[in-house]
Amino acid sequence: MSISPAVRRAITQALHTLPSEVFPVISLSFGFLDGNPYSVRQVARTLHLSERRVKQLLQSGLTTLQADPVLYQHFRLLQTQAILRH
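Thresholds, definitions, all that
- Residues numbered from 1 in each chain as written.
- Predicted model: local features only at pLDDT ≥ 70, side-chain atom pairs only at ≥ 80, totals over all residues.
- Heavy atoms only, no water.
- Core = buried A, V, L, I, M, F, W, Y, C linked by side-chain atoms within 4.5 Å.
- Buried < 20%, exposed > 50% of the residue type's maximum accessible area, 1.4 Å probe, protein only.
- Helix = DSSP H or I, 4+ residues; strand = E, 2+ residues; numbered from the N terminus.
- Axes fitted to C-alpha atoms, helices over the stretch in contact; angles between N-to-C directions.
- Parallel < 35°, antiparallel > 145°, perpendicular 65-115°, else oblique.
- Contact = heavy atoms within 4.5 Å.
- Nonpolar A, V, L, I, M, F, W, Y, C, P; charged D, E, K, R; others polar.

A short note on the nonpolar core
Side chains of a nonpolar character, in soluble globular proteins, are inclined to be buried together.
Logical step 1: In terms of nonpolar packing, the biggest core is built from 19 residues, with Ile11, Leu15, Leu18, Val25, Ile26, Phe30 and Leu58 touching the most fellow members.
Logical step 2: The set of elements that each furnish at least two residues to this core consists of α1 (5–15), α2 (23–29), α3 (40–47) and α4 (51–65).

And the structure:
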């Protein structure tokens, strides 16, 4: 299942409001950079961070995005899709 261009734009705009350290973690985790969601391990290797730090940043970003319930629901859907792919 793919998301509409309008939803993708809204999510992209929301991502750009995140702290610069969180942005790439969320973007990679949900496949916004190349269309392929990365696992925590892949994000950690790509960004030269520990898996623990990636998890912390991912949680921080998702918590921030929860302020917009519509965006958060889209991220939950993307997260479910990523889990099913692995």
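That shown, we press on.
Overview of the packing of α3 against α4
Logical step 1: Here α3 crosses α4 at 105°, and the two axes come no closer than 9 Å. Considering the angle they form, α3 stands roughly perpendicular to α4. In this structure, α3 uses Val40, Arg41, Val43 and Ala44 to contact α4, whose residues at the interface are Glu51, Val54 and Lys55.
Logical step 2: Across the contact of α3 with α4, the residue classes tally to four nonpolar, no polar and three charged.

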